[in-house]
Amino acid sequence: MHAVPDADMRSSSAVALDDRTRRWAYAGVLVTLFLSSTNLTVVGTALPRIIAELDGFALYAWAFTGFTLASTVSTPIYGRLSDTLGRKRVLLFGIVLFSLASVAAGFSSNMPQLVALRVLQGLGGGALMSMAFAVIADIFPPRQRGKYQGLTGIVWGASSVVGPVIGGLITDLLGWRWVFFVNVPVALVALIVIQRHLPAGERRPGAPVDVAGAALLTVGMLATMLALSWGGEGLAWGDPGVWGTLLLGAAALAGFVAWQARSPAPVLPPELLRDRTVAIANAAGFLSGVGLFGATIYLPLYIQGVAGLSAAASGFALTPLILGMILSGSLAGIWSSRTGRYRRFVIAGLTVAVVGFALGATMGPDTPIAFVVGAMFLLGLGLGPTNAMFLVAVQATAAPHLLGTATSAHQFFRQVGGTLGVALFGALMAHQAAVTFAGDVAPLVAHLPPAAVATVATPDLLTDPAAADAAAAAVAPRIGEPAYAALVASWRAGLGRGIRWVFLISGALAALAWFATWWAPALQLGEPEPVADTVPRPAT
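All of these numbers come straight from a predicted model, not from anything done at the bench.

**Quick look at the overall build of the protein chain**
A tally of regular secondary structure across the protein chain gives 20 helices and two strands. A buried classification covers 58% of the 540 residues belonging to the protein chain. Residue pairs at least 24 apart in sequence account for 83% of intrachain contacts in the protein chain once pairs closer than 6 positions are excluded. On the protein chain, roughly 19,900 Å² of surface is accessible, and the fraction owed to carbon and sulfur atoms is 71%.

**Regarding the confidence of the model for the protein chain**
Predicted confidence across the protein chain gives a mean pLDDT of 81, with 88% of residues reaching 70 or more. Note that pLDDT drops below 50 for residues 5-13; the model gives that stretch 22 contacts with residues more than four away or on any other chain. Confidence drops under a pLDDT of 50 for residues 527-540, and excluding neighbours within four residues, the segment shows 31 contacts in the predicted structure.

**What about the pattern of salt bridges?**
What the rule picks out here adds up to three salt bridges. With its nearest N and O atoms 3.1 Å apart, the salt bridge here joins R49 to D172. Highlighted residues: R49 in helix α2 (residues 19-53) and D172 in helix α6 (residues 142-173), separated in sequence by 123 residues. According to the relative accessible area criterion, R49 is buried, its value standing at 14%. The shortest N-O distance in the salt bridge between R497 and D440 comes to 3.5 Å.

**Description of the environment of G28**
Looking at the element boundaries, G28 is found in helix α2. The exposure class assigned to G28 is buried, which follows from its relative accessible area of 0%. In the structure, G28 is positioned 167 residues away from Q195 in sequence and 8.9 Å away in space, judged by C-alpha atoms. Apart from residues lying up to four places away in sequence, G28 is in contact with V193 and I194.

**Concerning the packing of aromatic side chains**
Enumeration over the complete set of coordinates arrives at eleven aromatic pairs. Geometrically, the ring pair formed by W178 and F181 is edge-to-face, given 5.2 Å between the ring centres and 90° between the ring planes. Here the residue W178 and the residue F181 both occupy positions in helix α7 (residues 178-181), the gap between them amounting to three residues, near one helical turn. Ring plane angle 20° and centroid distance 6.5 Å describe the contact between F437 and W491, whose orientation is recorded as stacked. Taken as a pair, F437 in helix α16 (residues 403-445) and W491 in helix α20 (residues 481-517) lie far apart in primary sequence, 54 residues in all. The exposure class assigned to F437 is partly exposed, which follows from its relative accessible area of 22%.

**Considerations on the packing of helix α4 (residues 87-106) against helix α5 (residues 111-139)**
At their nearest, the axes of α4 and α5 sit 8 Å apart, and the two run at 150° to each other. Considered as vectors, α4 and α5 are oriented roughly antiparallel to each other. The way α4 lies across α5 gives a crossing that is left-handed. When the residues that make up the contact of α4 with α5 are grouped by side-chain class, the tally is 17 nonpolar, five polar and two charged.

**A closer look at empty space enclosed by the protein**
What the rule picks out here adds up to five cavities of 30 Å³ or more. Here the largest cavity defines a volume of roughly 720 Å³. Forming the boundary of the largest cavity are 34 residues, of which M129, W156, L292, N387 and R414 lie nearest the centre. Elements represented by at least two residues in the lining of the largest cavity include exactly α2, α3 (60-85), α5, α6, α12 (276-306), α13 (311-339), α15 (369-397) and α16. The leading source of residues in the lining of the largest cavity is α6, at six residues. A class-by-class count of the residues in the lining of the largest cavity yields 15 nonpolar, 18 polar and one charged.

**Some details on the environment of I51**
When you line up the elements, I51 lands in helix α2. Taking the relative accessible area as the measure of exposure, I51 reaches 0% and is therefore buried.

**Structural notes on the side chain of T407**
Summarising the element assignment, T407 is placed in helix α16. Polar side-chain contacts of T407 include one of 2.9 Å to the backbone oxygen of L403. Once you skip the residues sitting within four places of it in the chain, T407 turns out to touch S130, F133, A134, L391 and Q395.

**Notes on α15**
For α15, which comprises 29 residues, the first-to-last C-alpha distance of 44 Å matches the rise-based estimate of 42 Å (1.5 Å per residue) to within 8%. The largest bend in α15 amounts to roughly 25° and is located at G382, with the proline P385 lying one to four residues further along.

**Observations concerning the packing of α12 against α16**
Between α12 and α16, whose axes approach to 7 Å, the crossing angle comes to 45°. Classified by the angle between their axes, α12 and α16 sit oblique to one another. In terms of crossing hand, the pair formed by α12 and α16 is right-handed.

**Quick word on a nonpolar patch on the surface**
Together, L323, L327, L331, W335 and F377 line one region of the surface with nonpolar side chains, adding up to about 420 Å² of accessible area. Considering each element in turn, the nonpolar patch owes the most residues, four residues, to α13. One can find F377 in helix α15.

**Section: the environment of L273**
Mapped onto the fold, L273 is located in helix α11 (residues 270-273). Between the C-alpha atoms of L273 and A406, which are 133 residues apart in sequence, the distance is 8.7 Å. Leave out the neighbours within four places in its chain, and L273 touches L268, V278, A279, N282 and F413.

**Some thoughts on the side chain of S108**
Mapping S108 onto the fold places it in the loop between α4 and α5. Beyond its immediate stretch of four places on either side in the chain, S108 contacts Q113, L114, L117, W176 and R177.

Criteria and thresholds
- Residues numbered from 1 in each chain as written.
- Predicted model: local features only at pLDDT ≥ 70, side-chain atom pairs only at ≥ 80, totals over all residues.
- Heavy atoms only, no water.
- Helix = DSSP H or I, 4+ residues; strand = E, 2+ residues; numbered from the N terminus.
- Buried < 20%, exposed > 50% of the residue type's maximum accessible area, 1.4 Å probe, protein only.
- Contact = heavy atoms within 4.5 Å.
- Areas by Shrake-Rupley, 256 points an atom, 1.4 Å probe, with all protein chains shown as cover.
- pLDDT = per-residue confidence, 0-100.
- Salt bridge = Lys/Arg side-chain N within 4 Å of Asp/Glu carboxyl O.
- Phe/Tyr/Trp six-rings, centres within 6.5 Å; stacked < 30°, edge-to-face > 60°.
- Axes fitted to C-alpha atoms, helices over the stretch in contact; angles between N-to-C directions.
- Parallel < 35°, antiparallel > 145°, perpendicular 65-115°, else oblique.
- Left-handed = near helix turned anticlockwise from the far one by under 90°.
- Nonpolar A, V, L, I, M, F, W, Y, C, P; charged D, E, K, R; others polar.
- 1 Å grid on protein atoms, 1.4 Å probe; cavity = no way out; pocket = protein on both sides within 12 Å on 5 of 7 lines; lining within 4 Å.
- Points joined across faces, edges and corners; volume = space filled by probe spheres on them.
- Polar contact = N/O pair within 3.5 Å; in protein donor to acceptor, adjacent residues only side chain to side chain.
- Expected span 1.5 Å × (residues − 1).
- Bend = angle between axes of the 7 residues up to and from the residue.
- Patch = residues over 30% accessible without salt bridge, like charges linked within 9 Å, V, L, I, M, F, W, Y side chains within 5 Å.

This is the structure:
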């Protein structure tokens, strides 16, 4: 049993703000979150069409991973900077950078260029997400944060529901480039609201940015991502290049950990990570982040590639997942503000999430769409409480001068889980595609000219109408309609097997997060005295 002594008095900035300023500042946070969440879901819905047009199936995961990697690495750096420069300055910088990169991404002419611009966009996105949640901790005391962190889920979820639908419609009607251009008007609104109504905050004395730590972290994460993307695709897992890159990543990350203990201004302060609440919340966030990112990215591919529906339909398929997260996240936030507790909501949510992942693992080419909708809604119900409740616990235990660092550190670990998971899933999907082509597709077209074989050599024909037309014209007349239908069915079944593993792995990691959460301290927010823990731990 643990309590947060004098918790409501630990946020002096929250006490100093009048209600009107607090409402406008919170409105600025909501606009910023709307910008961030629409980007993730709009682009995610359009990715199958993007990779088909730019001939980049091998880089499918990197169009997402490039953004999240840059966002992940920059998040703790922005958090540290905000503790000295103030949240507003960092947030405005992020909005401008994000907007410029979005416009440039819309003019991409090839997949490597798009990935590079997504990296730049991610550097801006890291400031948006980390600062938005840190501002909430600044303007509201701990007991109220659960409610407002939960209520932000409504705006985040609403934009996420609208985003996939808009993304699908824009992709089908105007083309995928416009999914990047739509960020600009929202960014302008966010810029105006933040500039006019969010207090600048005081500059605090602090050590310079930990450049060495940031460099080691970047190298370690990038090398690990590259090794996971190469393994089983362009190179065998036993290839020296793969293992050498993995070892480089491990060495850089080990050096980062060692350097943080000696750095005068560590990106991730060791004393913060030694706190039991922070350590368990970050570990559980890492594990659950894998499943959340994996479901968000690969559900559209399932709908378009396996179920054979349109990009707009894939947007609608994400809607029940987001609605479930909105409902459970908002209710958990409100109830935690009333009771001062957080852990019981996370445990209940992760229990439901494991069931949702298990149901997702059963989906295949012939699964009824109603079943998919129900499974994704259940999964959303389970994942919803984990987003806000762990963050509330971390912010309640962090010292005021490390509030931005603690907030960003928690988001960092959650995003690391998602980024590593998506990279691993990308390697898994590429391997499954290679196995499907060699075992099921190649025998049907072995006697055809190489140019004809190339039209069915990747699953692009399942997601891009132009690629499907080209493949049908080049292959179907030569092998016959029944054989061509069997070829397409083989690709759908192969993608389905890969996505099934995405859900199975995600469910196993969510179960580990569930077990870890039992050992987190049961904080009573806003109360000076400890309160008995009413949720028993499992027997060991």
